[in-house]
Amino acid sequence: MNLNLDKPICFFDLETTGTNIATDRIVEISILKVFPNGNKESHTWKVNPEMPIPPVVTSIHGITDEMVANEPTFSELAPKVYTLIKDSDLGGFNSNRFDIPLLAEELLRAGVDFEMKNTLSVDVQTIFHKMEKRTLEAAYKFYCDKDLINAHSAEADTIATYEVLEAQIERYETLENNTKFLAQFSSHKKFADFAGFIGFDKQGNEVFAFGKHRGNKVEDVLENEPGYFGWLLNADFPLYTKKILTGIKLRKLNNKLD
C-alpha cells in the first residue's frame, strides 16, 4: 500500500562515529524520499567525519577510517542533504531520539539554519515498540516476513524502515494513514529541543527540564540570570538546544521592544 501523504517524507538513517549527539559525526547517510504520488528518490553518501572512527563502532557498521578518508565532509554534502529534506517530513527508526538530533547538529555546524517547526517526524521504532517491542531486524521479519540482510548498513536499514511502516499501517486498523497522526503516535514526551533539555509546562511555556532550574520558565530564568544564558552557550550542549535558547531570549527582547 502507498502512504497517504500531504507532502513528501524523507526516511533516513545515519551511521556515525558514536552516540553523542553533540560531539559525534556522520560517516554514512542514506535518504529515501517518498512523494505523495508514490514516486521515490534515494541517495546514499559515505562521509568523512574529520575524526577517527572508534574500532568498537566500526565493528558494528563496518565503516573504517580508510573507507571515508577520500569522501566529502558533511559540510560539503550539507547543501545537497538540506535541498532534499527541506520540503519534507522526516521518518526513521529511533529517529526522534538520535538521527534527527544528530542530523540537526551536523546541519547547524555546516551553517544550515535547520528548523523543525513545520516538519513532522514519524519514528517507526516508537510505533513498533508500542505495538510489539522488538528490534528493527525483528520488526522486518515480523511485519514483512523478510530477513534484514546487511543490518547496520544505512541503505538497508532505511529501506527496511520504510517497508515496516507500510506494513504497520496495513496491519493495525488503529493507525491512521497520514503523517500527522503517525508523527503524534510515534512521538515521545514533547520537548522544544531534540535532546530533552527544554520541555513545556501545561500552559505551553518552555521550561528547563534539567538542573537547578528544572520546571522553571526559560524566559524568566534567562531574564533574571543573564550569566546563566552565557554559561549555557559556552557549555557542551547540542547546537540545536542553544538555537532554541537563543530564540527564546530574542523573543523576550522583541516583546519588550513592542
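Structure shown above.
A. Quick peek at the environment of M116. Within the element layout of this structure, M116 appears in the loop between α4 (95-109) and β5 (121-123). For the pair formed by M116 and P52, sequence separation is 64 residues and the distance between their alpha carbons is 30 Å. Excluding its chain neighbours within four sequence positions, the residues that come into contact with M116 are L90, I100, S121, F194 and Y240.

B. A look at the packing of helix α3 (residues 74-85) against α4. One can describe the packing of α3 onto α4 by two numbers: an axis separation of 9 Å at closest approach and a directional angle of 120 degrees. For the pair α3 and α4, the sense of crossing is left-handed. Contacts between α3 and α4 pair F74, A78, V81, Y82 and I85 from the former with L103, E106 and L107 from the latter.

C. Geometry of the sheet that holds strand β1 (residues 9-16). If you trace the five strands from one edge of the open sheet to the other, you get β3-β2-β1-β4-β5, paired in mixed fashion. Where the open sheet ends on each side, the last strands, each with one partner, are β3 (40-46) and β5. In this sheet, adjacent strand axes meet at a mean angle of 20 degrees when their direction is disregarded. When strand β4 (residues 89-92) meets β5, the two strands line up parallel, connected through three bridges. Looking at β5, one finds that L90 is bridged to S121. Where helix α5 (residues 124-131) meets the sheet, its contacts fall on β1, β4 and β5, and the angle it forms with β5 comes to roughly 45 degrees. Here helix α7 (residues 154-171) sits on the sheet and contacts β1, β2 (26-34), β3, β4 and β5; the angle it forms with β1, its principal contact strand, is near 145 degrees.

D. The packing of aromatic side chains, seen in detail. Summed over the entire model, instances satisfying the criterion amount to 13 aromatic pairs. Measuring from centroid to centroid gives 5.6 Å for F128 and Y143, while their planes differ by 65 degrees, and the two rings are edge-to-face. On the criterion of sequence distance, the pair formed by F128 in helix α5 and Y143 in helix α6 (residues 136-144) is long-range, its members being 15 residues apart. Given the relative accessible area of 0%, F128 is considered buried. Judged by its relative accessible area of 10%, Y143 is buried. Between F194 and Y240 the ring centres are 4.4 Å apart and the planes differ by 35 degrees, which places this aromatic pair in the tilted class. Within this pair, whereas F194 is found in the loop between α8 (179-185) and β6 (198-200), its partner Y240 is found in helix α11 (residues 239-257), the two being separated by 46 residues in sequence. Judged by relative accessible area, which is 3%, Y240 ranks as buried.

Conventions we followed
- Residues numbered from 1 in each chain as written.
- Predicted model: local features only at pLDDT ≥ 70, side-chain atom pairs only at ≥ 80, totals over all residues.
- Heavy atoms only, no water.
- Helix = DSSP H or I, 4+ residues; strand = E, 2+ residues; numbered from the N terminus.
- Contact = heavy atoms within 4.5 Å.
- Axes fitted to C-alpha atoms, helices over the stretch in contact; angles between N-to-C directions.
- Left-handed = near helix turned anticlockwise from the far one by under 90°.
- Pairing = 2+ DSSP bridges.
- Phe/Tyr/Trp six-rings, centres within 6.5 Å; stacked < 30°, edge-to-face > 60°.
- Buried < 20%, exposed > 50% of the residue type's maximum accessible area, 1.4 Å probe, protein only.

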